[in-house]
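Spelled out from the first residue to the last, the chains are:
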Amino acid sequence: MGTKTSRKPAHLAQTRERLVAQRARFEGQGARIGRHLREGLPADSEDQAQALVNDEVMNALDQNGRAELEKIEAAIGRLDDGSYGTCAVCGAWIDERRLEVLPTTEHCRACAGQ
Ligand SMILES: [Zn+2]
C-alpha cells in the first residue's frame with residue numbers, strides 16, 4: 001500500500017501541453033461565434049456573456065468534437081489530481097506508447113479490449 005513506487009512518467013508535462021493545445025483548438029472553433037454574441041450584450045453582463053460563450057463553444061462542435069473535448073478536459077483533470085496514466089478499470093499503469101497515441105485514454109490496452 002502507499003505510493004512510494006509512484007512512477008511519474010517523464011512526458012507528463014508535454015502531455016499536458018498537448019492536451020491544453022488541443023482543448024484550445026476545439027474551443028477556438030466556437031470562439032468566433034462567442035465573440036459575435038458578446039457584442040450584442042451589455043457590458044455589465046460579463047458572466048452571462050461568458051456562459052453564452054461556453055454554450056456556444058459546445059454547440060459549435062459536432063458530437064464527436066464535443067466528446068473529444070470532454071475527454072481532453074477529463075484527462076487534464078486526471079493530470080491535476082495525479083491519477084493520469086493509470087487504468088480506470090484495473091489501476092495498472094497505461095503503456096506510455098499507448099498514451100502517446102491516445103493521450104486522453106483512461107484504459108489500459110487489455111481493458112480497452114484489444
Ligand atoms: Zn486496465
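Just so we're clear, the structure is a prediction, and the values are computed from it rather than from any experiment.

**Looking at the overall build of the protein chain**
1) Next: A count of helical and extended segments in the protein chain gives four helices and zero strands.
2) Next: Tracing the protein chain from N to C terminus, the helices and strands come up as α-α-α-α.
3) Next: Residues classed as buried in the protein chain amount to 14% of the 114 residues present.
4) Next: Partitioning the intrachain contacts of the protein chain with sequence separation of at least 6 by distance along the chain shows that 51% fall at a separation of at least 24.

**Considering helix α3 (residues 63-81)**
1) Next: Under the 1.5 Å per step criterion, the end-to-end length of α3 is 27 Å for 19 residues, consistent within 8% with the ideal 27 Å.
2) Next: Residues of α3 that are buried: L69, I72 and A75. Buried residues of α3, seen end-on, are gathered within an arc of 125° and therefore sit on one face of the element. Among the exposed residues of α3, those oriented more than 90 degrees off its buried face are Q63, A67, G77 and D81.
3) Next: Downstream of α3 by a residue or two, G82 has a phi angle that is positive, lying close to 85°.

**A closer look at the nonpolar core**
1) Next: Formed by L19, L69, I72, A75 and Y84, the largest nonpolar core amounts to five residues.
2) Next: Considering each element in turn, this core owes the most residues, three residues, to α3.
3) Next: If we ignore the near neighbours within four places in the chain, the residues touching I72 are L19, Q22, R23 and T104.

**Concerning the confidence of the model for the protein chain**
Low pLDDT marks stretches whose predicted atomic positions should not be read closely.
1) Next: Across the protein chain, the average pLDDT comes to 80, with 66% of residues at 70 or higher.
2) Next: Confidence scores differ between elements of the protein chain, with helix α2 (residues 46-60) showing the lowest mean pLDDT of 68 and helix α4 (residues 96-101) the highest of 91.

**Quick notes on the environment of T15**
1) Next: Along the chain, T15 falls in helix α1 (residues 12-39).
2) Next: If near-sequence neighbours (up to four positions away) are discounted, T15 is found in contact with L79, L99 and P103.

**Let's talk about the environment of K71**
1) Next: As for its position among the elements, K71 is in helix α3.
2) Next: Here K71 falls in the partly exposed class, since 17 other C-beta atoms lie within 10 Å of it.
3) Next: For the pair K71 and L19, spaced 52 residues apart in sequence, the C-alpha to C-alpha distance is 9.7 Å.

Definitions and cut-offs
Residues numbered from 1 in each chain as written. Predicted model: local features only at pLDDT ≥ 70, side-chain atom pairs only at ≥ 80, totals over all residues. Helix = DSSP H or I, 4+ residues; strand = E, 2+ residues; numbered from the N terminus. Buried ≥ 20, exposed ≤ 12 C-beta atoms within 10 Å, placed from the backbone. Contact = placed C-beta atoms within 7 Å. Expected span 1.5 Å × (residues − 1). Arc of directions from axis to C-beta. Core = buried A, V, L, I, M, F, W, Y, C linked by C-beta atoms within 7 Å. pLDDT = per-residue confidence, 0-100.

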